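# Examining the three-dimensional arrangement
For reference, the chains in residue letters:
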Amino acid sequence: MNYFEKQMRVLFGESELFSEAMYSGKMMIGKIDQDVRVKLEFISTNIAKQYNAMKVTVLNRTEGEIDKTVFPFRDILGLKNGYDPYIWDEPNCTGWYGFKPTAEEIERISDTINDYMSMFADENLGYEMRSM
């Protein structure tokens, strides 16, 4: 399991919103309901090997893409030590650059993305959006 898969599990491993999560490389796919899937992936929006955002794609398994959006970590966490927060990916050094997210920051990222995904969930799942 690589660093990105571990971070996905930290961020979304306990989510009640989706099931049957599968992880591969820098992405995860989960089942929101019988027909709706979500694909989460770490992406670089500016500089190669600096993964500064999470791309979320919501898919209907038979009809294709429903919606997608990008969540830059800077929009969720603000600047960290004067830098946009990102995960640095080098052969011998992969991890958050210049800081280590606190449990509260991890929860903030997770809650923000879960709130977005909840708009596509079956109403019977019992997941409720959190107020910020």
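Quick summary incoming for the structure in this document. (Residues numbered from 1 in each chain as written. Predicted model: local features only at pLDDT ≥ 70, side-chain atom pairs only at ≥ 80, totals over all residues. Heavy atoms only, no water.)

Within the chain one finds 3 helices and 8 strands. When its helices and strands are written in sequence order, the chain yields α-β-β-β-β-β-β-α-β-β-α. Relative to the 2.2 N^0.38 estimate, which gives 14 Å for 132 residues, the radius of gyration of the chain is 15 Å and therefore close to what a compact globule would have. Here the C-alpha coordinates of the chain stretch approximately 40 × 30 × 25 Å along the principal axes. The buried share of the chain, taken over its 132 residues, is 43%. Taking all contacts inside the chain whose residues are at least 6 apart in sequence as the whole, residues at least 24 apart take part in 40%. In the form shown here, the chain has an accessible surface area of approximately 7700 Å², with 45% of it arising from carbon and sulfur atoms. Looking at charge distribution, the chain has the averaged site of its 15 positive side-chain charges lying 7 Å from that of its 22 negative ones. (Helix = DSSP H or I, 4+ residues; strand = E, 2+ residues; numbered from the N terminus. Rg over C-alpha atoms; globule rule 2.2 N^0.38 Å. Buried < 20%, exposed > 50% of the residue type's maximum accessible area, 1.4 Å probe, protein only. Contact = heavy atoms within 4.5 Å. Areas by Shrake-Rupley, 256 points an atom, 1.4 Å probe, with all protein chains shown as cover. Lys, Arg positive; Asp, Glu negative; His and termini not counted. Charge placed at Lys NZ, Arg CZ, Asp CG, Glu CD.)

With that settled, consider the pattern of salt bridges. In this structure the tally under the stated criterion is 7 salt bridges. A salt bridge links Lys26 to Asp89, with the shortest nitrogen-to-oxygen separation between them at 3.6 Å. You can see Lys26 sitting in the loop between strand 1 (19-24) and strand 2 (27-31) and its partner Asp89 sitting in strand 7 (residues 87-90), a full 63 residues away along the chain. Taking the shortest distance from any N to any O, the salt bridge between Lys80 and Glu105 comes out at 2.4 Å. (Salt bridge = Lys/Arg side-chain N within 4 Å of Asp/Glu carboxyl O.)

Quick look at the pairing of strand 3 (residues 36-43) now. Taking burial as the measure, the 8 residues of strand 3 include 6 buried ones, the bulk of the element. Sheet analysis places strand 2 next to strand 3, joined by 5 bridges and oriented antiparallel. By the bridge assignment, Met28 is partnered in strand 3 with Leu40. Connecting strand 2 to the antiparallel partner strand 3 that follows it, the hairpin turn spans 4 residues. (Pairing = 2+ DSSP bridges.)

What follows is about helix 1 (residues 3-12). Owing to its 3.6 residues per turn, the α-helix brings residues three or four apart onto one side. What helix 1 keeps buried is the set Phe4, Glu5, Gln7, Met8, Leu11 and Phe12. Along the long axis of helix 1, the arc covered by the buried residues comes to 160 degrees, so they all point the same way. (Arc of directions from axis to C-beta.)

The next point concerns the packing of aromatic side chains. Counted by the stated rule, this structure contains 12 aromatic pairs. Taking the centre distance of 5.4 Å and the plane angle of 70 degrees together, the rings of Tyr116 and Phe120 count as edge-to-face. Residue class for Tyr116 comes out buried when judged on its relative accessible area of 10%. An aromatic cluster is defined as three or more aromatic residues linked by ring pairs; in this entry it consists of Tyr3, Phe4, Phe42, Tyr51, Phe73, Trp96 and Phe99. When the ring centre of Tyr23 is taken as reference, the NZ or CZ atom of Arg9 above it lies at 3.9 Å. The residue whose ring lies beneath Lys26 is Phe4, and the NZ or CZ to ring-centre distance is 4.9 Å. (Phe/Tyr/Trp six-rings, centres within 6.5 Å; stacked < 30°, edge-to-face > 60°. Lys NZ or Arg CZ within 6 Å of the ring centre and 35° of its normal.)

This brings us to the sheet that holds strand 8 (residues 93-96). An order of 4-7-8 is seen for the 3 strands of this open sheet, with the pairing classed as antiparallel. On the outer flanks of this sheet lie strand 4 (50-51) and strand 8, each paired with one strand and no other. Sheet analysis places strand 4 next to strand 7, joined by 2 bridges and oriented antiparallel. Across the sheet, residue Tyr51 finds its bridge partner in strand 7, namely Ile87. In this fold helix 1 packs onto strand 4, strand 7 and strand 8, with an angle of close to 20 degrees to the strand it touches most, strand 8. (Axes fitted to C-alpha atoms, helices over the stretch in contact; angles between N-to-C directions.)

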